[in-house]
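Chain residues, written in single-letter form:
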Amino acid sequence: MNPKDLRIMIIDDERIVGKRLKPAIEKTGSTVEIFTDGETALNRFQEQPFDIVVTDIRMDEMDGIEVLERVLALSPRTKVIIITGYATVEVAREALSKGAFDFIAKPFKPGDLRVIINRAGRELES
Amino acid sequence: MHDKTDNPTTTDGHSPSQETGDTDELEHRAFTERPTLSIRAKVILSFSLFFALCIAVTSWSIWMASDLTARIDFLEVAGDFMMEVQQARRYEKNFLLYGTNLDDALHHLEVAESQLKSQGNTIGKIVGTEHTDTMASYLNDYHSRLRELGSTDDTTRRQAIVPILRRDGAKIVSFAEDFVNAERANVKRHLLLAQRVPFLFLGALLLLMVVAGTWLSQSLLLTLMRFMAYTKRIGEGDFSPITPVRKFKDEFSQLAEAFNSMTRELTRRHDILVESHKLRAIGTLVAGVAHELNNPLNNTMLSASVLKEEWDDFSEDEKMEIIDDVISETERSQRIVRNLLDFARESEAKMQPLDLERIVQESVRLVANQVRMARLTLRTELEDNLPHVHGDEQMLKQVFVNLMLNAVDALPPRGSITVSARMDSKKDGFLVVKVQDDGPGIPEHFQQRIFEPFFTTKGKGKGTGLGLSVSQGIIHKLGGFLKVESEEGEGTTFIVSLPVTDFPSDIMSG
């Protein structure tokens, strides 16, 4: 099943991440909105929920774990994918225990993220 | 809890004060090229003085005793002489009054004459040779008159002789009495002297003991106190060598040399400690750097991957923009790695005037990832146009990194660290760098101990307890101070005071 028409939100305070991922993910037919901070992203999320949220875990104002908690509080069905800069078992365990769908460690290729998004899309449809 | 840090800090292993063989040699010569006046020699000299004084007094006493013996013997002889003369005069009277035998009187006179002859020298010394001679002539005259008296029966003649005879006799007796009295007075005077001299001797001995004792104890105690100050100084981490302060050398000079070789060894060990501590700090920093490095790496990877996937769809301008991103992100990676490598690189310690603002900024950048990972904020308040400080760049960074990593360890999430640098308002010619946090603070009973080696409040395996001790060692070597101000619940401030360099910074750094 192709995850078409999925609404995807990408949050990373590294501007280039969103800039490169947006066209690479939109190739699959999904809609992608990009943000560089959690607060703005959550405001947008409250206006209109997203199916998938991809968020960097380490950001200055609001970190990825907080984004994860607040997104799931607003929309439990949303799949949250965590990007970590420095993958450790603790970070992964914390993210997963708080309900993250999966996590991906920097550096990654757009294809790696697409695979996870596809998997999330299938789960959303099932 | 904050405290001893363990994050290391360290230096490149070569402390600025590390001595070279040449300076060792110089130190050694400074100690040996002085005349020797050992403590042993001083003690021997003092005791020899005592002994010489005792010998002098003992000899004098022996001489005095034999002198007194001789005088008393003489007094006996003098007594005998007087008795003989008096006997002679008694017989003379008997002869004149009762016409008895004159031979007894003559006999006694002869004895007296022989006594005067044999003791003439001694009597001469006591009453004077002139008097002795006069006396001898009187005795002679008396003797001859007495003989004349005995040999004549002429009454007129006798009457002429008798007054002269009596006069001479009286003179002899009074003369003998004079010298016996004079000699008695002599003996008395000498006895008195013999009584007084021991007291004089005791007084002199006391004086000598006080002088010698003061001299010995001064040279011992003052030097001991100096060495006590050295041990205190060394204990506080000042490993500069001891220099000679006296004009001569003794056993303490050897002790000073032993101290110097000990401090050289301590310096070497301190350098090793500083180095191993720095490695620990680097280990901590590497985790943060790896984290930070992944961002530009990820940006490069995404950009290059997208460029490859979409090569045909991108316009020339889009391709160029992506390639520019790849280049700038690679440069970013390079900066991150270079900052850590600058800190980690092993190099000779190089003392030079340093721009403290830059050192603090680069140290802050080194720990920036730890600060972010611990979800803390770090602010800097750096005064503009600070004068330069004299020091080794890596060692100073090691201290600041150490203090900041301690704060990171001490703070709960959302805590804040402030690093400030300004001129010291209380101490002229000093700069202060403060690393302040709003953490739980350090209990007062720990504050004295946190600079001790191996004291740590961090858990097992987390802290070595060497960070603050190493930092303090480094700052001491640069002539500065590292202090802590903390109250429980009120946060902690570590204060580094550093002397500003005396040299015009332009010349030195240029």
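Residues numbered from 1 in each chain as written. Chains lettered and ligands numbered in written order. Predicted model: local features only at pLDDT ≥ 70, side-chain atom pairs only at ≥ 80, totals over all residues.

(A) Spotlight on the overall build of chain A. In terms of regular secondary structure, chain A is built from 5 helices and 5 strands. Starting at the N terminus and walking to the C terminus, you meet the elements of chain A as β-α-β-α-β-α-β-α-β-α. Summarising the internal contacts of chain A: among those between residues at least 6 apart in sequence, 62% fall at separations of at least 24. (Helix = DSSP H or I, 4+ residues; strand = E, 2+ residues; numbered from the N terminus. Contact = placed C-beta atoms within 7 Å.)

(B) Up close: the sheet that holds strand 3 (residues 52-56) of chain A. Residues and elements named next belong to chain A. Across the sheet, which stays open at both edges, the 5 strands sit in the order 2-1-3-4-5 with parallel pairing between neighbours. The sheet is open, and its two edges are formed by strand 2 (31-35) and strand 5 (102-105), each paired on a single side. In this sheet, adjacent strand axes meet at a mean angle of 20° when their direction is disregarded. Pairing analysis gives 5 bridges linking strand 3 to strand 4 (residues 79-84), with the strands arranged parallel. Paired with Asp 56 across the two strands is Ile 83, which belongs to strand 4. (Pairing = 2+ DSSP bridges. Axes fitted to C-alpha atoms, helices over the stretch in contact; angles between N-to-C directions.)

(C) Spatial organisation of the sheet that holds strand 6 (residues 481-487) of chain B. Residues and elements named next belong to chain B. One open sheet accounts for 5 strands, arranged 2-4-5-7-6; its pairing is mixed. On the outer flanks of this sheet lie strand 2 (377-382) and strand 6, each paired with one strand and no other. Across the sheet, the mean angle separating the axes of adjacent strands is 15° when strand polarity is ignored. As paired strands, strand 5 (residues 430-437) and strand 7 (residues 491-499) are joined by 8 bridges and run antiparallel to one another. Within the sheet, the bridge partner assigned to Phe 430 lies in strand 7 and is Pro 499. Against the sheet, helix 10 (residues 393-410) contacts strand 4 (416-423), strand 5 and strand 7, and its axis sits at roughly 20° relative to strand 5.

(D) The pairing of strand 3 of chain A, seen in detail. Residues and elements named next belong to chain A. Counting buried positions over the 5 residues of strand 3 gives 5, a clear majority of the element. In strand 3, alternate side chains face the same way, and those of Ile 52, Val 54 and Asp 56 on one face and Val 53 and Thr 55 on the other are all buried. Two elements, strand 1 (residues 7-11) and strand 3, share 4 bridges in a ladder whose sense is parallel. Bridging across to strand 3, Ile 8 finds its partner in Ile 52. After leaving strand 3, the chain enters helix 3 (residues 64-74) and then returns to the sheet as strand 4, a path that is right-handed. (Buried ≥ 20, exposed ≤ 12 C-beta atoms within 10 Å, placed from the backbone. Right-handed = clockwise from strand over helix to strand, strands pointing away.)

(E) Looking closely at the confidence of the model for chain B. All names here are of chain B. Mean pLDDT over chain B: 83, with 93% of residues reaching 70 or higher. Taken as a whole, residues 1-20 scores under 50 in pLDDT and shows 109 contacts with residues more than four places along the chain or in a different chain. Here the predicted complex scores 0.63 on pTM and 0.92 on ipTM. (pLDDT = per-residue confidence, 0-100.)

(F) Main features of the nonpolar core. Residues and elements named next belong to chain B. Phe 400, Met 404 and Val 408 are the most contacted members of the largest nonpolar core, which totals 50 residues. Secondary structure elements with two or more residues in this core: helix 7 (251-309), helix 8 (316-344), helix 9 (356-373), helix 10, strand 4, strand 5, helix 12 (467-477) and strand 7. Among the elements that line this core, the one with the most residues is helix 10, at 11 residues. Residues in contact with Met 404, not counting those within four places in the same chain, are Ser 363, Val 367, Ile 417, Val 419 and Val 435. (Core = buried A, V, L, I, M, F, W, Y, C linked by C-beta atoms within 7 Å.)

(G) Highlighting the interface of chain A and chain B. With 15 residues of chain A at the contact, the number on the chain B side is 17 residues. Among the elements that line the side of chain A that touches chain B, the one with the most residues is helix 1 (residues 15-26) of chain A, at 5 residues. Tallied by class, the residues present in the side of chain A that touches chain B amount to 8 nonpolar, 1 polar and 6 charged. (Nonpolar A, V, L, I, M, F, W, Y, C, P; charged D, E, K, R; others polar.)

(H) View of helix 6 (residues 155-235) of chain B. Residues and elements named next belong to chain B. Across its 81 residues, helix 6 extends 117 Å between first and last C-alpha, which sits within 8% of the 120 Å expected from 1.5 Å per residue. If you look at helix 6, its biggest bend is around 25°, right at Ile 161, and the proline Pro 163 turns up within four residues after that. Every buried residue belonging to helix 6 is among Leu 165, Asp 168, Gly 169, Ile 172, Phe 175, Ala 176, Phe 179, Val 180 and Glu 183, and all of these are buried. Gly 237 lies just past helix 6 and shows a positive phi near 100°. (Expected span 1.5 Å × (residues − 1). Bend = angle between axes of the 7 residues up to and from the residue.)

(I) Main features of the environment of Ser347(B). Secondary-structure assignment places Ser347(B) in the loop between helix 8 and strand 1 (352-354). When the C-alpha atoms of Ser347(B) and Gln394(B) are compared, they prove to be 8.9 Å apart, with 47 residues separating the residues in sequence.

(J) Summary view of the packing of helix 7 of chain B against helix 12 of chain B. Residue and element names in this part refer to chain B. Contact geometry of helix 7 with helix 12 gives a least axis separation of 10 Å together with a crossing angle of 125°. In terms of their interaxial angle, helix 7 and helix 12 are classed as oblique. The handedness of the crossing between helix 7 and helix 12 is left-handed. Residues His 270, Leu 273, Val 274 and His 277 of helix 7 pack against Gly 467, Val 470, Gly 473 and Ile 474 of helix 12. Of the residues belonging to the contact of helix 7 with helix 12, the class tally is 4 nonpolar, 4 polar and no charged. (Parallel < 35°, antiparallel > 145°, perpendicular 65-115°, else oblique. Left-handed = near helix turned anticlockwise from the far one by under 90°.)

(K) Geometry of the environment of Leu297(B). For Leu297(B), the position within the fold is in helix 7. Residues Leu297(B) and Thr330(B), spaced 33 residues apart in sequence, show a C-alpha to C-alpha distance of 7.4 Å. Once you skip the residues sitting within four places of it in the chain, Leu297(B) turns out to touch Lys106(A), Pro107(A) and Ser333(B).

(L) Fine view of the confidence of the model for chain A. Scored by pLDDT, chain A comes out at a mean of 89, with 94% of its residues at no less than 70. Mean pLDDT across the secondary structure elements of chain A bottoms out at helix 4 (residues 89-97) of chain A, with 83, and peaks at strand 1 of chain A, with 95.

(M) Quick look at the packing of helix 8 of chain B against helix 9 of chain B. Residues and elements named next belong to chain B. Relative orientation of the contacting elements helix 8 and helix 9 amounts to 110°, with a least axis distance of 10 Å. In this view, helix 8 runs roughly perpendicular relative to helix 9, as classed from their interaxial angle. Of the two elements, helix 8 crosses helix 9, and the hand of that crossing is left-handed. Across the interface between the two elements, Asn 339, Leu 340 and Phe 343 from helix 8 touch Glu 362, Arg 365 and Leu 366 from helix 9. Considering only residue class, the contact of helix 8 with helix 9 consists of 3 nonpolar, 1 polar and 2 charged.

(N) Up close: helix 2 (residues 38-47) of chain A. Residues and elements named next belong to chain A. Along helix 2, the residues classified as buried are Gly 38, Ala 41, Leu 42 and Phe 45. The arc enclosing the buried residues of helix 2, seen along the axis, measures out at 95°, which places them on a common side. Every exposed residue of helix 2 that faces more than 90 degrees away from the buried side is listed here: Asn 43 and Glu 47. Buried residues along helix 2 sit against strand 1, strand 2 and helix 3. (Arc of directions from axis to C-beta.)

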